[in-house]
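Summary of structural features
In case you want the letters, here they are:
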Amino acid sequence: MAELAPSDGYPAAGSGDSVLATLEQAATPPLVRRWLDNLVPVLIVLVILIAVWYASSAYFNLQNLDSLVVPPPGWQKLSLLEKIHRSLTTDQPLVPTPNQTFSDFFNDLKQSPTADGTLWSDIFWTGQVAVLGFLLGSVIGIALALLFLSSRILAQALMPYVVASQTVPIIALVPPLIVTIGLGIRSEILVSAYLAFFSITISTYKGLQSVEPLAFDLMRSYAASRRQIFTKLRLPASLPFMFTGLKIGVTASLIGAVVAELSSGSSHGLGQRLVTTTTDGLYIPLWSTIVATACVGLILYGALVALEKALVRQRVEATA
Amino acid sequence: MSAMSSGPLGHPQGDAGHPQGDAPTGVAPTPQHAPASAIRIENVSMVYASRGERLLAVSDIALDIAEGEFVSLIGPSGCGKSTLLRLIGDLLQPTTGGIEVHGRSAADARRKRDYGMVFQSPVLYDWRTVERNVQLPLELMNVSKGERASRTRELLSLVGLEEFGRRYPWQLSGGMQQRVSIARALSFRPSILLMDEPFGALDEMTRERLNMELLNIWSQTGTTVVFVTHSIPEAVFLSDRVVIMTPRPGRIEHIVDVELPRPRGAELREDEHFFHRIAEVRSRLYES
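Residues numbered from 1 in each chain as written. Chains lettered and ligands numbered in written order. Predicted model: local features only at pLDDT ≥ 70, side-chain atom pairs only at ≥ 80, totals over all residues.

Some remarks on the sheet that holds strand E1 (residues 37–50) of chain B
Within the open sheet, the four strands sit side by side as E2-E1-E4-E5 (chain B). Their pairing is antiparallel. Across the chains shown, the open sheet's two edge strands, defined by having one partner strand only, are strand E2 (53–66) and strand E5 (104–105) of chain B. (Pairing = 2+ DSSP bridges. Helix = DSSP H or I, 4+ residues; strand = E, 2+ residues; numbered from the N terminus.)

As for the sheet that holds strand E9 (residues 241–246) of chain B
Residue and element names in this part refer to chain B. Pairing within the open sheet is mixed, and its six strands lie in the order E6-E7-E8-E3-E9-E10. If you trace the sheet from one side to the other, it starts and ends with strand E6 (115–118) and strand E10 (251–257), each paired once. Each adjacent strand pair in this sheet contributes to an overall mean axis angle of 20°, direction not counted. Strand direction decides the pairing type here: strand E7 (residues 192–196) and strand E8 (residues 224–229), joined by five bridges, are parallel. Across the sheet, the residue bridging to Asp196 is Val228, located in E8. Here helix H3 (residues 81–88) sits on the sheet in contact with strand E3 (70–74), E7, E8 and E9, set at roughly 155° to E8. Along the sheet, helix H7 (residues 174–186) makes contact with E6 and E7, crossing E6 at roughly 170°. (Axes fitted to C-alpha atoms, helices over the stretch in contact; angles between N-to-C directions. Contact = placed C-beta atoms within 7 Å.)

Quick look at H7 of chain B
Residue and element names in this part refer to chain B. For H7, spanning 13 residues, the distance from its first C-alpha to its last is 19 Å, which sits close to the expected 18 Å at 1.5 Å a residue. Listing the buried residues of H7 in full gives Gln177, Gln178, Arg179, Val180, Ser181, Ile182, Ala183, Arg184, Ala185 and Leu186. Contacts made by the buried residues of H7 are with E6, helix H5 (130–140), helix H6 (145–158), E7 and helix H8 (204–221). (Expected span 1.5 Å × (residues − 1). Buried ≥ 20, exposed ≤ 12 C-beta atoms within 10 Å, placed from the backbone.)

Some points on unusual backbone geometry
Residue and element names in this part refer to chain B. Cis rather than trans, the peptide bond between Arg248 and Pro249 has omega equal to -10°. Within the secondary structure, Pro249 sits in the loop between E9 and E10. The residue after Arg262, namely Pro263, is reached through a cis peptide bond having omega -5°. By the element assignment, Pro263 lies in the loop between E10 and helix H10 (272–287). A positive phi angle, near 50°, is found at Val123, a position not held by glycine. Locating Val123 in the fold gives a position in the loop between E6 and H5. Under the C-beta neighbour-count criterion, Val123 is labelled buried, with 20 such atoms within 10 Å. At Glu197, a residue that is not glycine, the phi angle is positive and equals roughly 45°. Structurally, the position occupied by Glu197 is in the loop between E7 and H8.

So, the confidence of the model for chain B
Residues and elements named next belong to chain B. With 88% of its residues at a pLDDT of 70 or more, chain B shows a mean pLDDT of 84. Confidence over residues 1–34 falls short of pLDDT 50; this stretch has 32 contacts with residues more than four positions distant or in other chains. Confidence estimates for the predicted assembly give a pTM of 0.79 and an ipTM of 0.81. (pLDDT = per-residue confidence, 0-100.)

Some words on the nonpolar core
Counting residues in each nonpolar core, the largest one holds 73 residues, and the members touching the most others are Ile88, Leu194, Val226, Val242 and Val243 of chain B. Ranked by residue count, the leading element in this core is E2 of chain B, at six residues. The contacts of Val226 of chain B, once residues within four sequence positions are left out, are Ile65, Val71, Leu73, Leu85, Ile88 and Leu194 of chain B. Counting residues in hydrophobic clusters, the runner-up holds 42 residues, among them Ile123, Val191, Ala196 and Leu274 of chain A. (Core = buried A, V, L, I, M, F, W, Y, C linked by C-beta atoms within 7 Å.)

Digging into the interface of chain A and chain B
For an interface, size is often stated in terms of accessible area lost upon the parts coming together. On the side of chain B, 15 residues touch chain A, which itself brings 16 residues to the contact. At the level of secondary structure, the elements contributing two or more residues to the side of chain A that touches chain B comprise helix H9 (213–221) and helix H10 (226–264) of chain A. It is H9 of chain A that provides the largest number of residues to the side of chain A that touches chain B, a total of six residues. Residues belonging to the side of chain A that touches chain B are distributed by class as follows: seven nonpolar, three polar and six charged. (Nonpolar A, V, L, I, M, F, W, Y, C, P; charged D, E, K, R; others polar.)

Here we look at the packing of helix H5 (residues 119–150) of chain A against helix H8 (residues 185–208) of chain A
Residue and element names in this part refer to chain A. The contact between H5 and H8 brings their axes to 6 Å, and the two run at 40°. Here H5 is positioned oblique relative to H8, judged by the angle of their axes. For H5 against H8, the interelement crossing comes out right-handed. Broken down by class, the residue content of the contact of H5 with H8 amounts to 19 nonpolar, seven polar and one charged. (Parallel < 35°, antiparallel > 145°, perpendicular 65-115°, else oblique. Left-handed = near helix turned anticlockwise from the far one by under 90°.)

A word on helix H12 (residues 283–311) of chain A
Residue and element names in this part refer to chain A. Here H12 contains 29 residues, and its C-alpha end-to-end distance of 42 Å stays within 8% of the 42 Å for a straight helix at 1.5 Å per residue. Listed in full, the buried residues belonging to H12 are Pro285, Leu286, Trp287, Ser288, Thr289, Ala292, Thr293 and Val296. Among the structural elements, helix H4 (98–109), H5, H10 and helix H11 (269–279) are those in contact with the buried residues of H12.

Some points on the environment of Gly75 of chain B
Residues and elements named next belong to chain B. Structurally, Gly75 is set in the loop between E3 and H3. In the structure, Gly75 is positioned 109 residues away from Arg184 in sequence and 27 Å away in space, judged by C-alpha atoms. The residues touching Gly75, leaving out its near neighbours within four places in the chain, are Lys81, Ile244, Met245, Thr246 and Pro247.

Right, dumping it as structure tokens:
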């Protein structure tokens, strides 16, 4: 078998090793390629979403302009296409377009982060409330799960109340809370924690109970101590479950923070910004506040996914 | 139920009068018991009680297993063979009768880490690499890091998985996972290996290969093995003695001595004597 020039791109016929090597290459596409494969469907949906957003901007703004008592000058004589164009460019839209929303969003971000009343300061405020509420909710959530684990009777006695706590609409709890402990960051953190702890309790409790009986038998055969059984078996086995709860909890804590600001008449935060922009009829800043809130949520969620990647070693089915 | 009341031995304490319990080491050994018995099961019965119903799981079991012996427990499902294995391992406690392991109670033996256990499913910890799974018992027993590492290398090469130490269990095939589980059971050098249908979930070819490997490991370690199976060829191929059990309640019906020469290799499976032993076990199993 003569040596084949490497440039001809084909493995030498009959050389089993190189055939296998090419097969292996074919079986595992390069990382970038797989990454792109995952990204393409996401991008397609993004394009559809933006299209729907533009369409609804056009539709609702057109209706709005049509129904004005004093329509813009010359409005009646415009063709439909021109009307749609006006609907997408009006500076007082009912539903701002994506480009209006995002340019307002980025303009706001150019303002000084330290100055009062800027988008940045509201992001920091709400982010801080959500993070502290999440931490408090996690501590309470995990502590409750451990308590339930320690005593079946306690679990049976307390579980109905834990479930019932989540059936109370969170907005209903804000006024009495404000009355009791006053306006300010403490009550906002409490609302946030109240919303966050539930999923953490339930999933951690489930995780701590997820160990198969044979794994305990094994620990028993090693004469392992209770402490060892907990740290080497129960806790690591519960982590994937716990993280499912933590990821739901962190988004809930942000909802809690925003709802607390929104319904308490707070003078800070994204929730307050949602209220004031709505009542002032400033719909472009309203929508850029929504974008900012979504970004905070994504960052918090992403941080937990990163922590999960670092801590959880078992194979977990990819979850959103 | 009747077996319990008719049993001549009431309580485990009854064993206290037995001679081997208080025989000092210096005394000349009794010639009849040339190989010291590792496990001594005396008139053990066990009643499962669940939701008010009581079920006699095993009844009047008496069995002596010698040091270094390979004994299989075989019988149809529900004959109590797994229960008996768990009784030996102190994962269950007998209702009446007693179990002695090296002259101690089963509970003491467990606390002294005499037992390595292997179950039908490998029960590996998903979040630990193969290496760290094998090391788990050593970690619990506070063995130093260096010793853990060298022992792990040794064990992984014993079960032919040197190259897989850094993999996670879910990256291995079922047969490989079970080999990891055997390595883990051997890691702390237990004197007794208790195996509950360890190869029951594997395909025939893998099972036969692992049978060979197990015999090889057994001959190197000299461990006493109690092996639960429902495969007749597997029991005959591996064992010194095959204990045949019958269900409802679980009793020992027969014990078949497998006097086939060792070391046993693949060629034994073609041997006429091997077939005779299989036929004997099978007929005993069906007549009971």
